[in-house]
Amino acid sequence: MDVVAELITRRLAALVHSGLQALDDPTVRAVVRQAVRTAPSPAPVEPAADPAVTALRAVVDELAACSHQLGELMLEVAPAYLSDTAAADVLAVLCDEIGESVDNGLAARRYTISGDRRALHGTVL
């Protein structure tokens, strides 16, 4: 719930800073829908017997959170309505500037859209 609230707050603040004069109901509704749809899935809450497994899960959760933030950046540049092919063309310059491969940028974008960690398979996870 805190993650969704933070996403909504950041997106509404970005709209206000972009020069939007008033936040009408449809705009707020769209921001909330997108935040709920793109919030990362919570990690499974199975207690691990081995402390090393617990530590590794924490690292994986952190990598997923960072990938979600990267995906949000990618979505700002290449919105979700674009196909991966069209998004790759748009994101090539950004990925080059930040030192990320286009494939990893697209995977992070897909993860942010879907909330499914399997989108990151073969990249950071």
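1. Describing the overall build of the protein chain
Reasoning step 1: Summing up its helical and strand segments, the protein chain has five helices and zero strands in all.
Reasoning step 2: Listed N to C, the secondary structure of the protein chain is α-α-α-α-α in terms of helices and strands.
Reasoning step 3: Residues counted as buried form 26% of the 125 residues belonging to the protein chain.
Reasoning step 4: Considering only residue pairs separated by 6 or more positions, the protein chain has 58% of its internal contacts joining residues 24 or more positions apart.
Reasoning step 5: Counting only carbon and sulfur atoms, one obtains 61% of the accessible surface of the protein chain, whose full area is about 8000 Å².

2. Re the layout of surface pockets
Unfilled space is identified by rolling a water-sized probe across the atoms.
Reasoning step 1: When its volume is computed, the largest pocket comes out at roughly 310 Å³.
Reasoning step 2: In this structure, the largest pocket is lined by 14 residues; those nearest its centre are R11, Q34, E72, L75 and E76.

3. Overview of the environment of V32
Reasoning step 1: Its location among the elements puts V32 in helix α2 (residues 25-38).
Reasoning step 2: The spacing of V32 and R11 is 21 residues in sequence and 9.1 Å in space, taken between C-alpha atoms.

4. Observations regarding the packing of helix α4 (residues 84-98) against helix α5 (residues 102-114)
Reasoning step 1: Running from N to C, α4 and α5 cross one another at 120 degrees; their axes reach a closest spacing of 9 Å. Here α4 is positioned oblique relative to α5, judged by the angle of their axes. Note on packing geometry: the crossing formed by α4 with α5 is right-handed. Along the contact surface, α4 presents D84, A87, A88, L91, A92 and C95, while α5 presents V102, G105, L106, R109 and R110.
Reasoning step 2: Grouping the constituent residues of the contact of α4 with α5 by class yields seven nonpolar, one polar and three charged.

5. Section: the pattern of salt bridges
Reasoning step 1: On inspection of all chains with the given rule, the structure shows four salt bridges.
Reasoning step 2: Across the salt bridge formed by R118 and D116, the nearest N and O atoms sit 2.5 Å from each other.
Reasoning step 3: Residue classification places R118 among the exposed residues on the basis of a relative accessible area of 67%.
Reasoning step 4: Its relative accessible area of 26% is what places D116 among the partly exposed residues.
Reasoning step 5: A single network of salt bridges, built from pairs that share partners, joins D84, R109 and R110.

6. Examining the packing of helix α3 (residues 51-77) against α5
Reasoning step 1: α5 packs onto α3 with a crossing angle of 95 degrees between their chain directions and a minimal axis gap of 7 Å. In terms of axis orientation, α3 runs roughly perpendicular to α5. Residues A64, S67, H68, L70, G71, E72, M74 and L75 of α3 lie in contact with α5, whose contacting residues are G105, A108, R109, Y111, T112 and I113.
Reasoning step 2: Considering only residue class, the contact of α3 with α5 consists of seven nonpolar, five polar and two charged.

Conventions we followed
- Residues numbered from 1 in each chain as written.
- Predicted model: local features only at pLDDT ≥ 70, side-chain atom pairs only at ≥ 80, totals over all residues.
- Heavy atoms only, no water.
- Helix = DSSP H or I, 4+ residues; strand = E, 2+ residues; numbered from the N terminus.
- Buried < 20%, exposed > 50% of the residue type's maximum accessible area, 1.4 Å probe, protein only.
- Contact = heavy atoms within 4.5 Å.
- Areas by Shrake-Rupley, 256 points an atom, 1.4 Å probe, with all protein chains shown as cover.
- 1 Å grid on protein atoms, 1.4 Å probe; cavity = no way out; pocket = protein on both sides within 12 Å on 5 of 7 lines; lining within 4 Å.
- Points joined across faces, edges and corners; volume = space filled by probe spheres on them.
- Axes fitted to C-alpha atoms, helices over the stretch in contact; angles between N-to-C directions.
- Parallel < 35°, antiparallel > 145°, perpendicular 65-115°, else oblique.
- Left-handed = near helix turned anticlockwise from the far one by under 90°.
- Nonpolar A, V, L, I, M, F, W, Y, C, P; charged D, E, K, R; others polar.
- Salt bridge = Lys/Arg side-chain N within 4 Å of Asp/Glu carboxyl O.

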